[in-house]
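What follows is the residue order along each chain.
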Amino acid sequence: MPTWIACKRDGGELDDGALRTIVDGASRGVIPDYQISALLMAIVWRGLSPRELATWLDAMVASGDRLRLDRIPGIKVDKHSTGGVGDKISLCLAPLVAACDVPVPMMSGRSLGHTGGTLDKLESIPGFRTALEPREFERVLAKAGLVLAGQSARLAPADRLLYALRDATATVESIPLIASSILAKKIAEGADALVMDVKVGCGAFLPERGRARALARTIVDLGGRAGLRVIALLTAMDQPIGRAVGNACELREAIEVLRGDGPADTRALTVRLGAEMLVLGGRVPDRRNGATLIEAAIASGAGLERLRKCVALQGGDLRVIDDPSRLPQAPRVKIIRARTSGWLARLDAGLLGRGTTILGAGRLRKEDLVNPGVGIELDRKVGDRVERGDPLATVRFADDARWSAARPLLEPAFVVGPKRVPVHPTSLVLETIS
Ligand code: URA
């Protein structure tokens, strides 16, 4: 039995050499999965010291290639969300920041559990390619100022292996392991700075605010030690962002924001995160000036133009960007109606995320295919007045069996009460951690 498992089990600290050997051995497949799994469980309980975590992260980055984007001038800034329901912000944010002359190399993920994935949303665009070789990634970034792609297999391969083991051994929910997993990919993709959107609430990966704050703090500190400037925002994820939950319908809503419309909360979060990115990118001295530039990029259409450019370079059909009614829509429709009159008191993002996953917007197993045209459009949000029989949401789906399975999750997500609950402020930002 390797001594490193017992050392961590008993609360000891591993030296740098041992940590590098473990991460390297795991990614090359020379240490058995059962030993790595035992160590991961010990880390869940015992944690990693700041020094151990910094070495662990460095070893994860060193397990694969690291993109060098030095030929592209400027500070490259990415944004990452821990995952939400109706979270289409990246789709409008990246083009707007690029339109303000800060390059955005964005590597995103697919739907995970009940939360959506930016790659799945982008793939609602016919022809759009998210698998880019490093040279093409750099070429699109150079030409459009942004690139929206998936994780290449050669970047931080240790993370892919460790994540698969964590997923199978109930060891995902560890703050040092989550922080290093996210940052390894951001550092390997060549970003200089990162805005983290850490979700809090019933639709979030870590619903409890204290845990979300601890994750944000760890990511900011660990990123800083590794030379990546990070700012983290804790944002509310009790009800979905905006009105659309699904792939094509979320892309449609993001295009509305780029056209100067869209729901107020979606636009406000886009402007706020964009302003933070412009500050990190050295484009503006403070976020007030950043917000002004992002608003101007919406008003002038420069953000939408950047999205068009990126979609064209990545092989997507521009006709759906110019006319989003051409995006896929599932054929069947059900309306969820209010059973009583009152005020919408709760709109449970966790239930809606799980329900739309069953409809086919996300994956129950890794190999599942998503259906871009299924989803929900919310007619009411928390704080709205409703009369009995009013439509609360429109559900689009492709087959009755899935609707029957999703319905017990979707309908209870809407809770109508007798009193008006305080309406969420338009800003979803709860805290900033830097
Ligand atoms: N997302 C990641 O990329 N890694 C984790 O460990 C959890 C969420």
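Definitions and cut-offs
- Sequence positions are assigned chain by chain, starting from 1 and proceeding in written order.
- Local features in this predicted model are restricted to residues of pLDDT 70 or higher, and side-chain atom pairs are both shown and tallied only at a pLDDT of 80 or more, whereas totals for entire chains, interfaces and linings draw on every residue.
- Just so you know, side-chain values use all the structure's heavy atoms and leave hydrogens and water out.
- Counting from the N terminus, the helices are the DSSP runs of H or I reaching at least four residues and the strands are the DSSP runs of E reaching at least two.
- Both definitions apply: the radius of gyration is a C-alpha atom measure, and the globule rule equals 2.2 Å times residues to the power 0.38.
- Summary of the burial criterion: residues with accessible area below 20% of their type's maximum are buried, those above 50% are exposed, and those between are partly exposed, where the area comes from a 1.4 Å probe applied to protein chains only.
- Whether two residues are in contact is decided by their heavy atoms: any pair within 4.5 Å suffices.
- Here the accessible surface of atoms and residues is derived via Shrake-Rupley with a 1.4 Å probe, and residues count as covered only by protein chains that are part of the display.
- By the counting scheme adopted, Arg and Lys are positive, Glu and Asp are negative, and His together with the chain ends is not counted.
- Every charge is mapped to an atom, namely NZ of Lys, CZ of Arg, CG of Asp or CD of Glu.
- Residue ranges assigned to each domain were obtained from an automatic or database domain assignment.
- Here's the idea: put two parts together, see how much 1.4 Å probe accessible area each one loses, and the total over both is what we call buried area.
- Take a side-chain nitrogen of Lys or Arg and a carboxyl oxygen of Asp or Glu: if they are within 4 Å of each other, that pair is a salt bridge.
- The term polar contact refers here to a pair of N or O atoms within 3.5 Å; inside protein, the definition further demands a hydrogen-donor-capable atom paired with an acceptor-capable atom, and it admits residues adjacent in sequence only when both atoms are side-chain atoms.
- Side-chain classes are defined by residue name, with Ala, Val, Leu, Ile, Met, Phe, Trp, Tyr, Cys and Pro counting as nonpolar, Asp, Glu, Lys and Arg as charged, and the others, Gly among them, as polar.
- Expected span of a helix, by definition, is 1.5 Å for each gap between consecutive residues, and there is one gap fewer than residues.
- Note: two strands are recorded as paired if DSSP finds a minimum of 2 bridges between them.
- Note on geometry: axes are lines fitted to C-alpha atoms, helical ones only across the stretch in contact, with angles between N-to-C directions running from 0 to 180 degrees.
- The criterion for a residue being near a molecule or strand is simple. One of its heavy atoms has to lie within 4 Å of it.

1. Quick notes on the overall build of the protein chain
No. 1: The helix and strand tally for the protein chain stands at 17 helices and 13 strands.
No. 2: Here the C-alpha atoms of the protein chain give a radius of gyration of 22 Å, agreeing with the 22 Å that 2.2 N^0.38 yields for 434 residues.
No. 3: By principal-axis analysis of the C-alpha atoms, the protein chain measures approximately 65 × 45 × 40 Å.
No. 4: When burial is assessed residue by residue, the protein chain has 56% of its 434 residues classed as buried.
No. 5: A separation threshold of at least 6 residues defines the contact pool for the protein chain, and within that pool the share at least 24 residues apart is 79%.
No. 6: In the structure as shown, the protein chain presents an accessible area of about 17500 Å², 52% of it carried by carbon and sulfur atoms.
No. 7: Within the protein chain, the 51 negative side-chain charges are centred at a point lying 2 Å from the centre of the 61 positive side-chain charges.

2. Details of the domain arrangement of the protein chain
No. 1: Structurally, the protein chain comprises domain 1 (2-47), domain 2 (77-324) and domain 3 (328-417).
No. 2: One C-alpha centre belongs to domain 1, the other to domain 2; they are set 31 Å apart.
No. 3: A combined buried area of about 960 Å² lies between domain 1 and domain 2, and 84% of that area is made up of carbon and sulfur atoms.
No. 4: Here domain 1 is connected to domain 2 by zero salt bridges.
No. 5: Applying the counting criterion to the domain 1 and domain 2 interface returns zero residue pairs in polar contact (both at pLDDT 80 or more).
No. 6: Of all the elements, helix α3 (residues 33-46) adds the most residues to the side of domain 1 that touches domain 2, at seven residues.
No. 7: Along the lines of polarity and charge, the residues of the side of domain 1 that touches domain 2 split into seven nonpolar, three polar and one charged.

3. Considering helix α16 (residues 349-361)
No. 1: The end-to-end C-alpha distance of α16 is 14 Å, clearly below the 18 Å that 13 residues give at a rise of 1.5 Å each.
No. 2: With 12 of its 13 residues buried, α16 lies for the most part within the structure.
No. 3: Within the span of α16, buried status applies to Ala349, Gly350, Leu351, Leu352, Gly353, Gly355, Thr356, Thr357, Ile358, Leu359, Gly360 and Ala361.
No. 4: Check the buried side of α16 and you find it contacts β6 (244-246), β8 (342-347), β9 (375-378), β11 (391-397), α17 (400-410) and β12 (414-417).
No. 5: A side-chain oxygen of the first residue of α16 lies 2.9 Å from the backbone nitrogen of glycine 350; this N-cap is aspartate 348.

4. Looking at the sheet that holds β11
No. 1: One open sheet accounts for four strands, arranged β6-β9-β11-β7; its pairing is antiparallel. Strands with a single pairing partner mark the edges of an open sheet, and in this sheet they are β6 and β7 (332-337). On average, each strand axis in the sheet is inclined to that of its neighbour by 15°, with strand direction left out of account.
No. 2: In the sheet, β6 pairs with β9 via three bridges, with the strands oriented antiparallel. Note that in β9 the partner of alanine 244 across the bridge is glutamate 377.

5. Some thoughts on the pattern of salt bridges
No. 1: With the rule as written, the count across this model stands at 38 salt bridges.
No. 2: Here glutamate 253 ties to lysine 88 by a salt bridge, and the two come within 2.6 Å at their closest N and O atoms. Of this pair, glutamate 253 sits in helix α11 (residues 248-258) while lysine 88 sits in the loop between β1 (77-81) and α5 (89-99), and the two are 165 residues apart along the sequence.
No. 3: Using a relative accessible area of 5% as the deciding quantity, one classes glutamate 253 as buried.
No. 4: Taking relative accessible area as the criterion, lysine 88 reaches 0% and is therefore assigned buried.

6. Observations concerning the site of the ligand
No. 1: The local shell around the ligand consists of Tyr163, Arg166, Ile178, Ser181, Ile182, Lys185 and Phe205.
No. 2: Lysine 185 places a side-chain nitrogen or oxygen 2.6 Å from an oxygen atom of the ligand.
No. 3: Those elements that place two or more of their residues in the shell around the ligand are α8 (157-168) and α9 (175-188).
No. 4: For the shell around the ligand, the per-class residue count stands at four nonpolar, one polar and two charged.

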